[in-house]
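Chain residues, written in single-letter form:
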Amino acid sequence: MARIEQRLQELGIVLPTPLQPPTGTRLPFPWVRIVGTRALISGHGPTNPDGSIAQPFGKVGREVTIEQAYAAARLTGLAMVSSLKQELGDLNRIAAWVRIFGMVNAAPGFNQFPAVINGFTDLIVEVFGSEVGAHARSAVGLAELPFDIPVEIEGEVALHTL
Amino acid sequence: MARIEQRLQELGIVLPTPLQPPTGTRLPFPWVRIVGTRALISGHGPTNPDGSIAQPFGKVGREVTIEQAYAAARLTGLAMVSSLKQELGDLNRIAAWVRIFGMVNAAPGFNQFPAVINGFTDLIVEVFGSEVGAHARSAVGLAELPFDIPVEIEGEVALHTL
Amino acid sequence: MARIEQRLQELGIVLPTPLQPPTGTRLPFPWVRIVGTRALISGHGPTNPDGSIAQPFGKVGREVTIEQAYAAARLTGLAMVSSLKQELGDLNRIAAWVRIFGMVNAAPGFNQFPAVINGFTDLIVEVFGSEVGAHARSAVGLAELPFDIPVEIEGEVALHTL
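Each chain has its residues counted from 1, following the order in which its sequence is written. Ligands are numbered from 1 and chains lettered from A, in the order in which they are written. pLDDT decides what is reported in this predicted model: residues at 70 or higher carry local features, side-chain atom pairs at 80 or more are listed and counted, and totals for whole chains, interfaces and linings draw on all residues regardless.

Regarding the interface of chain C and chain A
- Two residues qualify as being in contact provided that their C-beta atoms, derived from the backbone, are within 7 Å of each other. On the side of chain A, 23 residues touch chain C, which itself brings 23 residues to the contact.
- Strands are runs of DSSP state E lasting at least two residues, helices are runs of H or I lasting at least four, and both sets are numbered from the N terminus onward. Elements supplying a minimum of two residues to the side of chain C that touches chain A: strand E1 (32-35), strand E2 (38-44) and strand E5 (151-159) of chain C.
- No other element matches E2 of chain C, which puts four residues into the side of chain C that touches chain A.
- Here the side of chain C that touches chain A is composed, by residue class, of 14 nonpolar, three polar and six charged. Residue polarity is assigned by list, with Asp, Glu, Lys and Arg as charged and Ala, Val, Leu, Ile, Met, Phe, Trp, Tyr, Cys and Pro as nonpolar; anything else, Gly included, falls into the polar class.

With respect to the pairing of strand E5 (residues 151-159) of chain A
Residue and element names in this part refer to chain A.
- Neighbour counting defines burial: a residue surrounded by 20 or more other C-beta atoms within 10 Å of its own C-beta is buried, one with 12 or fewer is exposed, and intermediate counts give partly exposed, using backbone-placed C-beta atoms. Counting buried residues in E5 gives seven out of nine residues, a clear majority hidden from the surface.
- Being paired, for any two strands, means DSSP has found at least two bridges between them. Two elements, strand E2 (residues 38-44) and E5, share five bridges in a ladder whose sense is antiparallel. Each residue of the ladder has a partner; that of histidine 44, found in E5, is isoleucine 153.

Focus: the confidence of the model for chain A
- Averaged over every residue, the pLDDT of chain A is 97; the share at 70 or more is 99%.
- Reported confidence for the predicted complex is 0.96 by ipTM and 0.97 by pTM. Each residue carries a pLDDT score, the predictor's own confidence in it, on a scale running from 0 to 100.

Let's talk about the relation of the copies chain C and chain A
- Between the two copies, chain C and chain A, the superposition gives an RMSD of 0.0 Å; the rotation angle is 120° and the shift along the axis is 0.0 Å. Put plainly, the chains are arranged around a three-fold axis. For chain C, the minimum C-alpha distance to the rotation axis belongs to alanine 143 of chain C and amounts to 2.9 Å.
- The share of interface residues of chain C whose copies in chain A are also at the interface is only 9%, consistent with the copies meeting through different surfaces. Our superposition of the copies is a least-squares fit, built on the C-alpha atoms of residues whose pLDDT is at least 70 in both.

Quick notes on the pairing of strand E2 (residues 38-44) of chain B
Residue and element names in this part refer to chain B.
- The buried count for E2 comes to seven of seven residues, which makes it a mostly enclosed element.
- Inspection of the sheet shows strand E1 (residues 32-35) paired to E2 by four bridges, in the antiparallel sense. From the neighbouring strand, arginine 33 faces E2, where its bridge partner is leucine 40.
- Here E1 hands over to E2 after two residues, with glycine 36 in that stretch at a positive phi of 60°.

Some points on the packing of helix H2 (residues 66-88) of chain B against helix H3 (residues 113-132) of chain B
Residue and element names in this part refer to chain B.
- Taken N-terminus to C-terminus, the directions of H2 and H3 make an angle of 40°; their axes are 7 Å apart at the nearest point. It follows from the interaxial angle that H2 and H3 lie oblique. Where H2 crosses over H3, the handedness of that crossing is right-handed. Of the residues in H3, those touching H2 at Ile66, Ala69, Tyr70, Ala71, Ala73, Arg74, Thr76, Gly77, Leu78 and Val81 are Ala115, Val116, Ile117, Asn118, Gly119, Phe120, Leu123, Ile124 and Val127.
- Among the residues forming the contact of H2 with H3, the class breakdown is 14 nonpolar, four polar and one charged. Here an angle of 0 to 180 degrees is reported between the N-to-C directions of two axes, which are lines fitted to C-alpha atoms, with helices fitted over the stretch in contact. Throughout this description, any angle smaller than 35 degrees is read as roughly parallel, any larger than 145 degrees as roughly antiparallel, any in the 65 to 115 degree range as roughly perpendicular, and the remainder as oblique. By definition, any crossing whose near helix is turned counterclockwise from its far helix by less than a right angle is left-handed, and any crossing with a clockwise turn is right-handed.

Notes on the interface of chain A and chain B
- With 23 residues of chain A at the interface, the matching set in chain B holds 23 residues.
- Breaking the side of chain A that touches chain B down by element, the ones donating at least two residues are strand E1 (32-35), E2 and E5 of chain A.
- In terms of residue class, the side of chain A that touches chain B is built from 14 nonpolar, three polar and six charged.

Quick notes on the sheet that holds E1 of chain C
All names here are of chain C.
- Pairing is mixed across the open sheet formed by five strands, whose spatial order is E1-E2-E5-E3-E4. Pairing within the sheet leaves two strands with one partner each, and these edge strands are E1 and strand E4 (136-142). Pairwise comparison of adjacent strand axes, ignoring direction, gives a mean angle of 15° for this sheet.
- Set on the sheet, helix H3 (residues 113-132) makes contact with strand E3 (94-105), E4 and E5; between it and E3 the angle comes to about 170°.

Observations concerning the relation of the copies chain A and chain B
- Mapping chain A onto chain B calls for a screw motion: a turn of 120° about the axis and a shift of 0.0 Å along it, with 0.0 Å RMSD after fitting.
- The overlap is low: 9% of the interface residues of chain A also sit at the interface in chain B, so different surfaces are used on the two sides.

As for the sheet that holds strand E4 (residues 136-142) of chain A
Residues and elements named next belong to chain A.
- Spatial strand order, E1-E2-E5-E3-E4: five strands in an open sheet with mixed pairing. For this open sheet the edge positions go to E1 and E4, each flanked by a neighbour on one side alone. If you compare each strand with its neighbour and ignore which way they point, the axes differ by 15° on average.
- Each of strand E3 (94-105), E4 and E5 touches helix H3 (residues 113-132); the most contacted strand, E3, lies at about 170° to it.

A few points about the environment of glycine 109 of chain B
- For glycine 109 of chain B, the location among the structural elements is in the loop between strand E3 (94-105) and H3.
- As for glycine 109 of chain B and methionine 80 of chain B, which are separated by 29 residues in sequence, their C-alpha atoms are 29 Å apart.

As structure tokens, this is what we get:
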């Protein structure tokens, strides 16, 4: 069994089904775009195991607590890993996480974005280890996010040459 | 005639003059930065054929309708393609669109950002085709954008080696 | 003495100590992530010479003037250059600035983001020169930034092969 798959199993993690956008939403772009040994990852949000968008919705610091937002950032990471598996076939093709941009749906006055996006970073380091999983990061407050999700993250990973 | 130029002509598209910033604005950076086979594209907004910033101004969901914002995202794409042509000379040097980051000037409570940024994606796929034109994408709501434009997009394309 | 170090000395610039996050803040990611000849730079804010976060705090156009925000963008550039020196050892390893994403903590109605982020761009061009220092750029208004800093910037530089 592949190394990362084994690690997911050890951690008791089951990846969600790839994101199913709500009915009537047209998303005419790929979740992962591969160019050479780079895999660019479109903005992802938290999903349920069946790929539907996960609740709660709303602004962090108002409808959504910081603990719920941390959990949403972790779910966002799982959705990304699921998209990468779907596109790459084998998650061991990932040589390094490169960069992620963490966006939080911010209530006025809320600014504990690093504590929220740590939900993503902690997951990635748990699964991929601290060398492959390390990534440059920003964690900032957006005015609004699509579907009123509390967290959206985009990023990039580097691939091993085949 | 080059392939992409021909496609633009078939579609009846005339690229705008490169962006003319408003008087008194100092923008000390290039619209396109080439590093090896990567072309990084600075944040662009919608322009008129003469390169001036296109109306309407304001927040989408308040002063600007979703249809107007879709049109602004398309104009933003045209402005980007114009900058790429200016920098590259030949648009056929573009091997692949890589990533775009779509920013919408969001009225409180407005969050249909994918439908807005589709104006950009639809244009790029029309002109470059679904293989070269595909790109990783985020579409999110910003608090404010420069010059009060409704849409700003930055991105990256990969170039063929010369 | 290395070329860029000499240039810093000519300009009378002393780089700050690497960023010291406030007590109780966990930031489990590197300030600079190197992947091949790319160095990805995490979101930085303005720091004091001792690496603590620099005042003033708050929104530009309300608590923070445009002049103060320009100065904060310059300090953010110094913090980034300090992180790059810490990671690379020698700043002459930088072959080209590639891209920066400039985020301003925006008061409602404030949108002079280019004038703010010029504080960063002017510094980088002063230190690295107009060829190496040129970069693709966006300058936009965020709803909230961590620690209530007025400016946050992330980016990327390309490295010479060793």
